[in-house]
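# Structural features, examined
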Amino acid sequence: MALCLQRGGGGGGGGESGSKNDMDNGKYVRYTPEQVEALERVYAECPKPTSLRRQQLIRECPILSNIEPKQIKVWFQNRRCREKQRKEASRLQTVNRKLSAMNKLLMEENDRLQKQVSQLVYENGYMKQQINTVSSTTTDTSCESVVVSGQQQRKNPTPQHPERDANNPAGLLAIAEETLAEFLGKATGTAVDWVQMIGMKPGPDSIGIVAVSRNCSGVAARACGLVSLEPTKVAEILKDRPSWYRDCRCVNVLSVIPTGNGGTIELIYLQTYAPTTLATARDFWTLRYTTSLEDGSLVICERSLTTATGGPTGPPATSFVRAEMLPSGYLIRTCEGGGSMIHIVDHIDLDAWSVPEVLRPLYESSKILAQKMTMAALRHIRQIAQETSGEIQYTGGRQPAVLRALSQRLCRGFNDAVNGFVDDGWTIMDSDGVEDVTIAINSSSSKFLGSQYNTLSILPTFGGVLCARASMLLQNVPPALLVRFLREHRSEWADYGVDAYSSASLKASPYAVPCARPGGFPSSQVILPLAQTVEHEEFLEVVRLEGPAFSPEDIALSRDMYLLQLCSGVDENAAGACAQLVFAPIDESFGDDAPLLPSGFRVIPLEPKSDVPAATRTLDLASTLEAGTGGSGTRPAGEIEAGNYNHRSVLTIAFQFTFESHYQDNVAAMARQYVRSIVGSVQRVAMAIAPSRLSSQLTPKSFPGSPEAVTLARWISRSYRVHTGGGDLFQVDSQAGDAVLKQLWHHSDAIMCCSVKMNASAVFTFANQAGLDMLETTLLALQDIMLDKILDEAGRKVLLSEFSKIMQQGFAYLPAGICVSSMGRPISYEQAIAWKVLNDDDSNHCLAFMFINWSFV
């Protein structure tokens with residue numbers, strides 16, 4: 001019989017064949033397989049049982065009666081240790097496999113670069129030889145040579161492809177093989193001059209190696225990465241383009257033709273959304289070829305069928321501009337030890353000349369293509385791989401596929417609103433004389449036949465959906481910073497009455513609030529995380545809006561409203577990334593197929609051309625942003641580099657509302673006015689957060705309603721020393737005027753000040769860097785946060801009981817507690833100190849708080 005041995009402790013324990021003296025002498029305790037099985041069952045339920053649970057185990061299992069509790073405790077300790085070692089060994093093996101595969105990938109990349117260098121050296125030598133030959137020739141025969149060459153070309157014109165159509169599989173196979181060769185030349189060869197994107201460093205946890213094209217026709221991007229999925233699964237995911245490409249409207253496979261080598265040829269019609277209301281959507285007519293290489297690699301390559309390539313003609317579309325996909329695709333290899341190595345190439349020509357000149361950077365940027373297509377595909381595969389392996393834990397009881405579907409529905413609904421395709425049932429309403437906001441109506445019943453819209457469309461007076469949309473250009477505003485501000489400070493631009501109207505459309509009586517009430521209503525928001533992608537570039541969350549009822553007759557309406565919100569692109573270091581905030585009203589207990597009517601914002605950077613001066617033009621409502629630019633139009637290069645932002649960006653706004661047929665004009669007027677007010681709010685926010693308007697210094701010069709920051713820091717420090725008698729708040733080594741302020745700003749504990757006014761809520765007026773981090777806000781938005789909103793019920797009671805002591809004695813120590821940030825995240829702190837801040841006249845100026853050893857829960 002196999003026995004399990006375990007080293008005994010200083011005493012105690014027992015085994016089948018061990019004696020008490022043996023165990024006291026520190027010898028091994030022997031466990032029978034039955035005993036190990038019983039312990040393993042308990043371990044599976046509770047890896048760390050309490051002392052009472054271990055004693056109960058001995059009583060319930062007779063086979064463990066001869067083992068002392070101390071020895072069972074040692075067994076569980078050893079079992080946990082072995083489990084930890086096993087997981088660590090598994091993790092290290094996974095990292096080793098990734099590093100080995102990444103090393104192979106880097107070696108291949110190095111070989112490709114070496115070939116490119118050799119080719120460039122050869123071309124350089126050839127050009128030098130030609131120059132020397134021309135310079136040493138005494139008789140100029142260049143014109144004659146050109147003429148002769150031209151005659152030979154006319155005699156031997158470039159052979160055109162014969163007409164190829166769906167009835168000629170051999171002709172399509174020839175196109176497919178040409179596409180395959182050109183794609184492989186881009187994926188692993190030197191057909192395109194690739195330049196690695198900044199910040200995309202290879203590593204076991206990175207997305208992979210990402211590069212963009214330089215000096216080639218159209219725009220191109222390439223990515224190489226590793227995933228823990230088999231090649232066939234990867235191919236299946238990549239072929240399902242709508243699941244990962246958010247700008248994909250539809251993919252129709254019109255014909256599937258098997259080839260003799262075991263592959264398939266597909267004729268595909270693809271429609272994509274336009275990113276903004278100022279441009280037309282694109283469509284593609286392509287041939288997709290799936291095959292295997294001799295080394296077992298799986299290849300999916302694709303290119304447009306044009307008059308130059310031959311092949312059948314694609315379906316016409318009046319609402320789209322036909323774009324061209326140059327040879328692109330996916331090379332999928334099997335990795336040793338499992339998983340796949342993926343090479344992705346996207347190379348397209350979006351016909352940039354068909355859009356207004358100011359918007360052409362959207363269609364000429366390889367970085368935008370890399371973010372929206374190439375990296376999106378790789379991120380999606382990595383996300384599914386980690387979900388499959390169980391590495392990602394989700395809250396809320398919803399499956400990852402359901403959360404991805406919700407995110408996709410939000411994006412798709414917003415894209416539908418921005419584009420307003422006629423074949424979806426959208427029609428444009430007449431304007432009110434100003435062309436800044438476009439109002440579109442969709443009364444098509446087919447739009448609401450899905451189960452998620454049944455609760456809306458069954459109403460007898462249901463009129464449809466109205467969308468108010470606008471686009472504008474912003475100057476010197478980082479897209480990520482703007483979207484982050486809009487997300488965190490909804491009260492700066494949103495109207496509670498409009499939110500209530502949108503939320504009411506989900507109720508049994510959906511039109512209780514027929515139009516927006518005049519004036520804004522105060523409200524606060526709590527953001528509840530729902531899911532996020534692997535690299536945290538996208539967040540799905542539920543937002544709870546809290547606000548008062550309008551009037552006694554509206555008191556029955558719930559004060560809390562809920563939004564399902566998707567935020568993406570808030571990483572300021574992601575070159576070419578689109579920042580987006582999309583949301584839709586939901587019920588508190590919304591289902592997986594809940595009705596979603598998305599609205600929101602999208603900000604896309606416009607990369608400036610190096611040979612084009614900084615433009616000062618704006619479109620539509622952005623014209624007011626020219627005021628205050630100082631007339632220079634440009635800023636020092638060093639400031640631009642330090643800010644790491646784009647000069648211009650295009651902002652698209654779209655808000656959707658349901659309406660009753662007899663309220664159509666009222667809702668249209670409300671929507672138009674609301675979007676205009678949002679545009680005005682965004683302009684104010686944009687001008688406030690533009691880097692050119694922020695001080696380049698670390699410390700702000702002044703704060704509204706407060707003295708100079710240096711003086712305030714001196715008052716805070718002096719008042720702390722006077723009231724507490726416990727010494728200085730911090731040591732100042734320098735006698736410079738701002739030394740105290742710098743010490744305060746960099747203090748490790750969160751220090752913040754709030755106003756003290758009779759019959760008014762205390763609002764924050766200053767916080768050091770740790771305080772801003774704790775509140776998850778900025779100096780600009782700090783004054784929107786009230787003290788009673790961040791404290792929990794217990795904290796408010798403690799502060800109220802200690803307030804008189806603070807005002808009389810000058811300070812008070814507050815016990816450990818819990819507070820919340822402006823984003824709704826709970827924060828714990830070990831202790832808080834509150835003290836009065838006195839000015840130079842010893843009059844009360846404000847209250848200061850210091851939260852010691854705080855951390856997010």
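These remarks concern the structure in this document. (Residues numbered from 1 in each chain as written. Predicted model: local features only at pLDDT ≥ 70, side-chain atom pairs only at ≥ 80, totals over all residues. Heavy atoms only, no water.)

This part takes up helix α7 (residues 231-239). Every buried residue of α7 is listed here: Pro 231, Val 234, Ala 235, Ile 237 and Leu 238. Buried residues of α7, viewed axially, fall in a sector of 165 degrees; they line one side. Facing away from the buried side of α7, by more than 90 degrees, are the exposed residues Thr 232 and Glu 236. Summarising the contacts, the buried residues of α7 are in contact with β5 (219-227), α8 (241-244), β9 (298-304), β12 (328-334), β13 (340-349) and α10 (366-389). (Buried < 20%, exposed > 50% of the residue type's maximum accessible area, 1.4 Å probe, protein only. Helix = DSSP H or I, 4+ residues; strand = E, 2+ residues; numbered from the N terminus. Arc of directions from axis to C-beta. Contact = heavy atoms within 4.5 Å.)

Once that is clear, we can look at the nonpolar core. The biggest cluster of nonpolar side chains holds 50 residues, and the ones touching the most others in it are Leu 466, Leu 482, Trp 493, Phe 601, Phe 655 and Phe 657. Discounting residues that sit within four places of it in the chain, Phe 655 has contacts with Leu 466, Cys 467, Ala 468, Trp 493, Phe 583, Ser 599, Gly 600, Phe 601, Tyr 674, Val 675 and Ile 678. Core analysis: the next-biggest nonpolar cluster, separate from the first, contains 48 residues, Leu 238, Met 325, Ile 344 and Leu 369 among them. (Core = buried A, V, L, I, M, F, W, Y, C linked by side-chain atoms within 4.5 Å.)

This paragraph deals with the pattern of salt bridges. Inspection of every chain in the model, using the stated rule, returns 22 salt bridges. Close ionic contact of Asp 193 with Arg 214 constitutes a salt bridge, the shortest N to O distance being 3.0 Å. Residue Asp 193 is found in the loop between α6 (169-187) and β3 (194-196), and its partner Arg 214 is found in the loop between β4 (209-213) and β5; the two are separated by 21 residues along the sequence. Glu 266 is paired through a salt bridge with Lys 239; the nearest N and O atoms lie 3.7 Å apart. (Salt bridge = Lys/Arg side-chain N within 4 Å of Asp/Glu carboxyl O.)

As enumerated under the stated definition, the model contains 16 aromatic pairs in all. Relative to Phe 583, the ring of Trp 493 has its centre 5.9 Å away and its plane inclined at 35 degrees; by these criteria the two rings are tilted. Linking Trp 493 in the loop between α13 (479-488) and α14 (496-504) with Phe 583 in strand β20 (residues 579-586), this pair joins segments that are 90 residues apart in sequence. Classification of Phe 583 as buried rests on a relative accessible area of 4%. Grouping aromatic residues by their ring pairs yields a cluster made of Trp 493, Phe 583, Phe 601, Phe 655 and Tyr 674. If you follow Arg 249 out to its NZ or CZ, it ends over the ring of Phe 421, 4.0 Å from the centre. (Phe/Tyr/Trp six-rings, centres within 6.5 Å; stacked < 30°, edge-to-face > 60°. Lys NZ or Arg CZ within 6 Å of the ring centre and 35° of its normal.)

Across 9 bridges, strand β6 (residues 248-258) lies against strand β7 (residues 264-272) in antiparallel orientation. The residue bridging Asn 252 from the neighbouring strand is Tyr 269, located in β7. With antiparallel pairing between neighbouring strands as the criterion, β6 and β7 make up a hairpin whose turn holds 5 residues, including Gly 262 at a positive phi of roughly 90 degrees. (Pairing = 2+ DSSP bridges.)

Before going further, it helps to examine the sheet that holds strand β28 (residues 831-838). What the 5 strands build is an open sheet, ordered β24-β23-β29-β28-β25; its pairing is antiparallel. Sheet topology places β24 (764-767) and β25 (811-814) at the edges, where each strand pairs with a single neighbour. Sheet twist, expressed as the average angle between the axes of neighbouring strands with direction ignored, equals 20 degrees. By the bridge criterion, 4 bridges tie β25 to β28 in an arrangement that is antiparallel. In the sheet register, Tyr 813 faces β28, and the bridge partner there is Ile 833. In this fold helix α21 (residues 793-809) packs onto β25, β28 and β29 (844-852), with an angle of close to 150 degrees to the strand it touches most, β25. (Axes fitted to C-alpha atoms, helices over the stretch in contact; angles between N-to-C directions.)

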